[in-house]
Amino acid sequence: MSKSCIKVLPIHVANKISAGEVVERPASVVKELVENAIDAGAKNIRISIAQGGKSLISVQDDGCGMSKDDALLSLERQATSKITDEADIENISTLGFRGEAIPSIASVSRFSMTTRLKENDEGFFLQVNAGALAETRVAGCPVGTLIEVKDLFCNVPGRLKFLKSKMTEESHVRHVYTVHALSRPDIAFSLYVDGREAGKLPAAASLAERMHDLFGAEFMESLNEIPLVESGEQAKSEKVKVTGFIEKPSLACPTRRDQYIFVNSRPATAPSIAYAIRETYPRRQGESKPAAVLFIETSPSEVDVNVHPMKREVRF
């Protein structure tokens, strides 16, 4: 008999491969953890990084928290509270849903989680070192979840050497902070870099208020607000709706800057969207690419929306 060459991968090896899809750099970790915090119903999210996120990434929220059993289960691949069957895949309303982020991050770092449900008097702490569960215990903590990721890629030096400079990685984290703060003005965000406060945004009553807090009055004065634009003759739920702000034609610069586009509250990076904005924008300065913050709401039947398997951003 011939010897079989096909083998089932050990779980720790499979998790490292999955981490390559989810964790590209510190900003990827921040993105995944912030999206989990938003899905948990958080009203306050605090992000902390050290050394560009290479030595420490911390995300704390005041969301629903987890029980001991759920916290342990979250370490398993494809364990999620956000979908239960095949039908749910067609109606996903959360930012995360695959159950890959936590085990992937924990497999390539020194990972800890402290979490507590509102109805519980005490919380739960767990620590994972490069994919191996090291400690679990009862913990005193506020309602919500605190996740700390230390020494990212500590067991994958080949991945670590491809990270850029501290300043570059820090800039990517700041971009994630800005994008998610824009997507959810109703949530308070704060950012700490190497122990210093780098950004603090109270919950805002509107997108305009959040943009003012982020970019300042001068930037807001350079924009025109877009009144609600709807397309489609179908039922209201089938229409495409566009709201937001865009740079005044007389001020637009020749290179695209500060364009933040969201489709159904997800950051959208599809070139087709940037192209559509450029083509419909008044060409008073040739190929002007205006600053913009636009929210597009649509149903799947109106636009073919696919989720990028690595970055989970909307692509068309």
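Structure's up top.
## Section: unusual backbone geometry
Thought 1: Despite not being glycine, Phe 153 shows a phi value in the positive range, around 65 degrees.
Thought 2: Tracing the backbone shows Phe 153 in the loop between strand E6 (144-150) and helix H5 (157-160).
Thought 3: In the Ramachandran plot, Asn 264 falls in the positive-phi region, its phi being about 50 degrees despite a non-glycine side chain.
Thought 4: By secondary structure assignment, the location of Asn 264 is in the loop between strand E11 (259-263) and strand E12 (266-267).

## Overview of the pattern of salt bridges
Oppositely charged side chains can form a pair if their charged atoms are brought close together.
Thought 1: This structure, assessed with the given rule, holds nine salt bridges.
Thought 2: The salt bridge involving Glu 135 is made with Arg 137; its shortest N-O contact spans 2.9 Å.
Thought 3: Connected through salt bridges with shared partners, the residues Lys 166, Glu 170, Arg 174 and Asp 194 form a single ionic network.

## Details of the packing of aromatic side chains
Thought 1: In total, this model carries four aromatic pairs according to the counting rule given.
Thought 2: Ring geometry for Phe 215 versus Phe 219: centroids 4.8 Å apart, planes at 55 degrees, classification tilted.
Thought 3: A relative accessible area of 25% means that Phe 215 is categorised as partly exposed.
Thought 4: Between Phe 215 and Tyr 260 the ring centres are 5.9 Å apart and the planes differ by 25 degrees, which places this aromatic pair in the stacked class. In this pair, Phe 215 sits in helix H7 (residues 207-215) while Tyr 260 sits in strand E11, placing the two residues 45 residues apart along the sequence.
Thought 5: Taking the relative accessible area as the measure of exposure, Tyr 260 reaches 11% and is therefore buried.
Thought 6: Among the aromatic residues, ring-to-ring pairing joins Phe 215, Phe 219 and Tyr 260 into one connected group.
Thought 7: Here the guanidinium or amino end of Arg 46 rests over the ring plane of Tyr 192, the centre of that ring lying 3.9 Å away.
Thought 8: Over the face of the ring belonging to Phe 125 we find Arg 137, whose NZ or CZ atom lies 4.2 Å from the ring centre.

## Here's the deal with the sheet that holds E6
Thought 1: Spatial strand order, E5-E4-E3-E6-E2-E1-E7-E8: eight strands in an open sheet with mixed pairing. The outermost strands of the open sheet, each flanked by one partner alone, are strand E5 (132-139) and strand E8 (196-201). Across the sheet, the mean angle separating the axes of adjacent strands is 10 degrees when strand polarity is ignored.
Thought 2: Bridge count for strand E1 (residues 44-50) against strand E2 (residues 56-61) is six bridges, and the pairing is antiparallel.

## Concerning the packing of helix H2 (residues 26-39) against helix H6 (residues 166-183)
Thought 1: The geometry of H2 relative to H6 is characterised by a closest axis approach of 8 Å and an angle of 20 degrees between their N-to-C directions. Considered as vectors, H2 and H6 are oriented roughly parallel to each other. When you trace H2 past H6, the crossing you get is right-handed. Contacts from Pro 26, Ala 27, Val 30, Lys 31, Val 34, Glu 35 and Ile 38 in H2 reach Glu 169, His 172, Val 173, Val 176 and His 180 in H6.

## Thoughts on H2
Thought 1: The end-to-end C-alpha distance of H2 is 20 Å, a good match for the 20 Å that 14 residues give at a rise of 1.5 Å each.
Thought 2: By the burial criterion, the buried members of H2 are Pro 26, Ala 27, Ser 28, Val 29, Val 30, Lys 31, Glu 32, Leu 33, Val 34, Glu 35, Ala 37 and Ile 38.
Thought 3: Directly beyond the C-terminal end of H2, a positive phi value near 85 degrees is found at Gly 41.

## Notes on the pairing of E11
Thought 1: Where burial is concerned, most of E11 is hidden: five out of the five residues are buried.
Thought 2: Residue alternation in E11 divides its side chains into two sets, Gln 259, Ile 261 and Val 263 and Tyr 260 and Phe 262, and both sets are buried.
Thought 3: Relative to E12, E11 is paired through two bridges, and the arrangement is antiparallel. The residue of E12 that forms the bridge with Phe 262 is Pro 267.

## Focus: the nonpolar core
Thought 1: Counting residues in hydrophobic clusters, the biggest one holds 42 residues, and the most contacted among them are Ile 45, Phe 111 and Val 149.
Thought 2: Per-element tally for this core: the top contributor is H2, with seven residues.
Thought 3: Not counting the four nearest positions on each side in its chain, Ile 45 is found in contact with Val 34, Ala 37, Ile 38, Val 59, Gln 60, Asp 61, Ile 187, Ala 188, Phe 189 and Ser 190.

## Here we look at the environment of Glu 32
Thought 1: As for its placement among the helices and strands, Glu 32 is situated in helix H2.
Thought 2: The buried category is assigned to Glu 32, whose relative accessible area is 2%.
Thought 3: Each C-alpha atom, one on Glu 32 and one on Ile 102, is 8.4 Å from the other, the two residues being 70 residues apart in sequence.

Reading the values: rules and limits
- Residue positions are counted from 1 within each chain, in the order its sequence is given.
- Residue-level local features of this predicted model are given only where pLDDT is at least 70; pairs of side-chain atoms are given and counted only at 80 or more, and the full residue set underlies all totals for whole chains, interfaces and linings.
- The side-chain values count all of the structure's non-hydrogen atoms but skip hydrogen atoms and water molecules.
- The secondary structure listing takes helices from DSSP runs of H or I that are at least 4 residues long and strands from runs of E that are at least 2 residues long, numbered from the N terminus.
- Only one rule defines a salt bridge in this text: a Lys or Arg side-chain nitrogen within 4 Å of an Asp or Glu carboxyl oxygen.
- Only Phe, Tyr and Trp rings are paired, with Trp represented by its six-membered ring, and only when their centres lie within 6.5 Å; those with planes under 30 degrees apart are stacked, over 60 edge-to-face, the remainder tilted.
- Three exposure classes are used, based on accessible area relative to the maximum for each residue type with a 1.4 Å probe and protein chains only: buried under 20%, partly exposed in between, and exposed over 50%.
- To sit over a ring, a charge needs its Lys NZ or Arg CZ within 6 Å of the ring centre and within 35 degrees of the ring normal.
- Here the rule is simple: two strands pair whenever DSSP picks up at least two bridges between them.
- What counts as an axis is a line fitted to C-alpha atoms, over the stretch in contact for a helix, and the angles between N-to-C directions run from 0 to 180 degrees.
- Just so you know how the angles are binned, under 35 degrees is roughly parallel, over 145 roughly antiparallel, 65 to 115 roughly perpendicular, and the rest oblique.
- Throughout, a crossing is termed right-handed when the near helix is turned clockwise from the far one, and left-handed when it is turned anticlockwise from it by less than a right angle.
- Contact criterion: two residues are considered in contact whenever any of their non-hydrogen atoms come within 4.5 Å of each other.
- The span expected for a helix works out to 1.5 Å for each residue beyond the first.
- Here the nonpolar core consists of buried residues drawn from Ala, Val, Leu, Ile, Met, Phe, Trp, Tyr and Cys, with membership extended through side-chain atoms lying within 4.5 Å.

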